Every structure is written in structure tokens, then in C-alpha cells.
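Understanding the architecture of this molecule
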Amino acid sequence: MLKTRVITAIVLLAVLLPVLYFNNFTAFAVVATVFFGAAVWECVRLFNPGTGSAHIIALVWTAVFAVSVLTGHLNAAFWAALSLALWIARFTPSLKFGLPPLGSPSNTLLSLVYGFAIFGCFVAIVVLFSSSPLYLLSVMAIVWVADIGAYFSGKAFGKRKLAPSISPGKSWEGAIGGGIAVLVLASLSVAYGGAAFAGTFAARVQRGYGWPALLAILVLMVAASIVGDLFESQLKRRAGMKDSSKLLPGHGGVLDRIDALIPVLPLAALIGSRL
């Protein structure tokens, strides 16, 4: 499994790094559209296990996304605001109150709503990349650092379960450790990173809003990443799936890799639009 994970990671890096390094918007848009289509396909399967129409629905969503990107009709503020409203009003409460039964009209509606959230996430990806690849990566790095910090903190200190019925491996100690890791590393990058980090999300927020706002925003983003992760885990548990798919050998599916980013990226896009 480790060998498979490494090979998959190398292949992904071989595709993504040149696109990011050369800052080619067309190439990036193509890659983003492919991943968007895969994420929607997995979404349909999570909400409707065994369905035979997942690929058709994914193609329709992908066509709409591709046209939106090509024509430049990406209202980032609208999609960011809609995504955040959906997370606050619908997805976050489900962690406490549960999901509707599979096959119910409410489930069908929820699958559509989650599709809108994924759409908003990828709109944010394109918009943040347009600002700069470094800016996009710096937002993603917040989620990655939170996840790594949570893993090691949970292993070392985890006792109180965060959401035992959804993801038994996660703990409050892990979540707090991940948040501390983000606050420390982001603060150090802003304070001592100099010109190399001047274009990152944290540096821009600090310049625009000040230190207290930056720390509060980072905490909010870590919390959002945890909610995004837990919601997808809840979907997989209900569907009886270990991974959202096998598209990324050794890593699961696309949603398994971006679940925590789905609420975070629109939030970053909305905050960044005011800088």
C-alpha cells in the first residue's frame, strides 16, 4: 500500500507541479475541470450507492463548470457566499442531527446541495489560482498543516473523541493540536518569511486586517476543514464505503483528498476578495 501511495503521489506531482510552476491558466483549468468531474462522480455515488447514472450526471456538471471557466462567468463572491451558507445551514447541523435516509427525496436534494458546494470549491480554486499559484497553495497548506498536526497530536494525546459515531479516530486533542500547528507556522511565515511569503494568504490577511483578525480567521479555517472532513466521513459511513472511490490508488478518491478543502477554499476566496 505504501508503494502504491508513493507512486500515485509522484504521478500527481508530475502533473500538478509543472502547471503551478509555469502559471499556465489554460492547463490549470483543464486539470481543475477533470478533478471537478471526478469529485462530482464520487458525490453522486456516495448519495446513491449502486446508481448507474453517476457518470452522466457528472458529465453534465463538468460541462457546466467547463463553460463557466472558459467564458469567465465565475462569480466568486456569489459562490463563496452560497457555499458558506450551505455549510452553516445544512452540512454542519447534519453532524449532530444525521443525514436523511438513502433513496429519500431529502437525500436527493442534499446531493444536489453538496454538488453546489463542490462547484463553489472549484470556483474558488480557479479564482485563487488566478491571483497566484502561491496564494492557492498557501490556503491549501493551512488545511494540510492542520491535518498533519491533528494526526500527530491525536496519536500522542488523543483521549476525548471528537465525533465517535462518524470518525472514531479523531479527537479533540488532535483538533486543538492541528489548530496550534497552523497558528504557529502561519505566524512564523508572516513574521520571518520576508518577500518569499509576502504573497501568501496569511501574509495578505495580516497586512489587510492585522494580527488578531489573522489568528481568528486561521482558527475559523481549521474548524471549517474539520467539518468538511467529518461530513464526507459521515457520507461514506452511511453509504458503507471506506473510500469515496479508487481513482487515486492508495489514496482513495478525489473527495477523500479535498473533503476538508471544500468549505475552506470558498471562505478564503471570500476573505481574499476584500483584500
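Provided above is the structure to which this section pertains.
The following paragraphs examine the structure supplied in this document. What you see is a predicted model; the values in this text were computed from it and never measured. (Residues numbered from 1 in each chain as written. Predicted model: local features only at pLDDT ≥ 70, side-chain atom pairs only at ≥ 80, totals over all residues. Heavy atoms only, no water.)

All right, on to the side chain of Thr8 then. With respect to the helices, strands and loops of the structure, Thr8 is situated in helix H1 (residues 2-22). Assessed through its relative accessible area of 9%, Thr8 is described here as buried. There is a polar contact of 3.0 Å between the side chain of Thr8 and the backbone oxygen of Thr4. Each residue touching Thr8, except ones within four places of it in the same chain, is listed here: Leu248, Pro249 and His251. (Helix = DSSP H or I, 4+ residues; strand = E, 2+ residues; numbered from the N terminus. Buried < 20%, exposed > 50% of the residue type's maximum accessible area, 1.4 Å probe, protein only. Polar contact = N/O pair within 3.5 Å; in protein donor to acceptor, adjacent residues only side chain to side chain. Contact = heavy atoms within 4.5 Å.)

The subject of this paragraph is the packing of helix H4 (residues 76-97) against helix H11 (residues 261-272). It is at 8 Å that the axes of H4 and H11 come closest, and there the two elements cross at 135°. Comparing the axis directions of H4 and H11 gives the class oblique. Read as a crossing pair, H4 and H11 show a hand that is left-handed. In contact with Ala77, Ala80, Ser83, Leu84 and Trp87 of H4, H11 contributes Ile262, Pro263, Pro266, Leu267 and Leu270. (Axes fitted to C-alpha atoms, helices over the stretch in contact; angles between N-to-C directions. Parallel < 35°, antiparallel > 145°, perpendicular 65-115°, else oblique. Left-handed = near helix turned anticlockwise from the far one by under 90°.)

Another aspect to go through is the environment of Ser68. Take Ser68: it is sitting in helix H3 (residues 54-71). The buried category is assigned to Ser68, whose relative accessible area is 12%. The spatial distance from the C-alpha of Ser68 to the C-alpha of Val123 is 9.1 Å, given a sequence separation of 55 residues. Setting aside residues up to four positions removed in sequence, Ser68 forms contacts with His73, Leu74 and Phe119.

Among the secondary structure elements, Ile166 is positioned in the loop between strand S1 (161-163) and strand S2 (167-171). Since its relative accessible area comes to 8%, Ile166 is described here as buried. A sequence separation of 72 residues divides Ile166 from Arg238, and the C-alpha atoms of the two residues are 9.3 Å apart. Each residue touching Ile166, except ones within four places of it in the same chain, is listed here: Leu95, Leu230, Ser233, Gln234 and Arg237.

One non-glycine residue with positive phi stands out, namely Asn23, at about 55°. The topology assignment puts Asn23 in the loop between H1 and helix H2 (25-47). Classification of Asn23 as partly exposed rests on a relative accessible area of 45%.

Looking now at the layout of surface pockets. There is about 250 Å³ of room inside the second largest pocket. Of all the secondary structure elements, the ones that give two or more residues to the lining of the second largest pocket are helix H6 (133-157), helix H7 (172-192) and helix H8 (201-209). If you tally residues by element for the lining of the second largest pocket, the top one is H6, at five residues. Taken together, the residues of the lining of the second largest pocket sort by class into 10 nonpolar, three polar and no charged. (1 Å grid on protein atoms, 1.4 Å probe; cavity = no way out; pocket = protein on both sides within 12 Å on 5 of 7 lines; lining within 4 Å. Points joined across faces, edges and corners; volume = space filled by probe spheres on them. Nonpolar A, V, L, I, M, F, W, Y, C, P; charged D, E, K, R; others polar.)

Quick look at the packing of aromatic side chains now. The description of two aromatic rings rests on the distance between their centres and on the angle between their planes. Tallied over the entire structure, the rule returns 22 aromatic pairs. Between Phe65 and Phe122, the ring centres sit 6.2 Å apart and the planes meet at 85°, which makes this aromatic pair edge-to-face. Placement of the pair is Phe65 in helix H3 and Phe122 in helix H5 (residues 105-131), with a sequence separation of 57 residues. The exposure class of Phe65 is buried, given its relative accessible area of 0%. For Phe122, a relative accessible area of 3% corresponds to the buried category. Clustering of aromatic rings is evident, with ring pairs tying together Phe36, Trp61, Phe65, Phe78, Trp79, Phe116, Phe119 and Phe122. We note Arg45 situated over the ring of Trp41; from NZ or CZ to the ring centre the distance is 4.6 Å. Over the aromatic face of Phe97 sits the side chain of Lys96, whose NZ or CZ is 5.8 Å from the ring centroid. (Phe/Tyr/Trp six-rings, centres within 6.5 Å; stacked < 30°, edge-to-face > 60°. Lys NZ or Arg CZ within 6 Å of the ring centre and 35° of its normal.)

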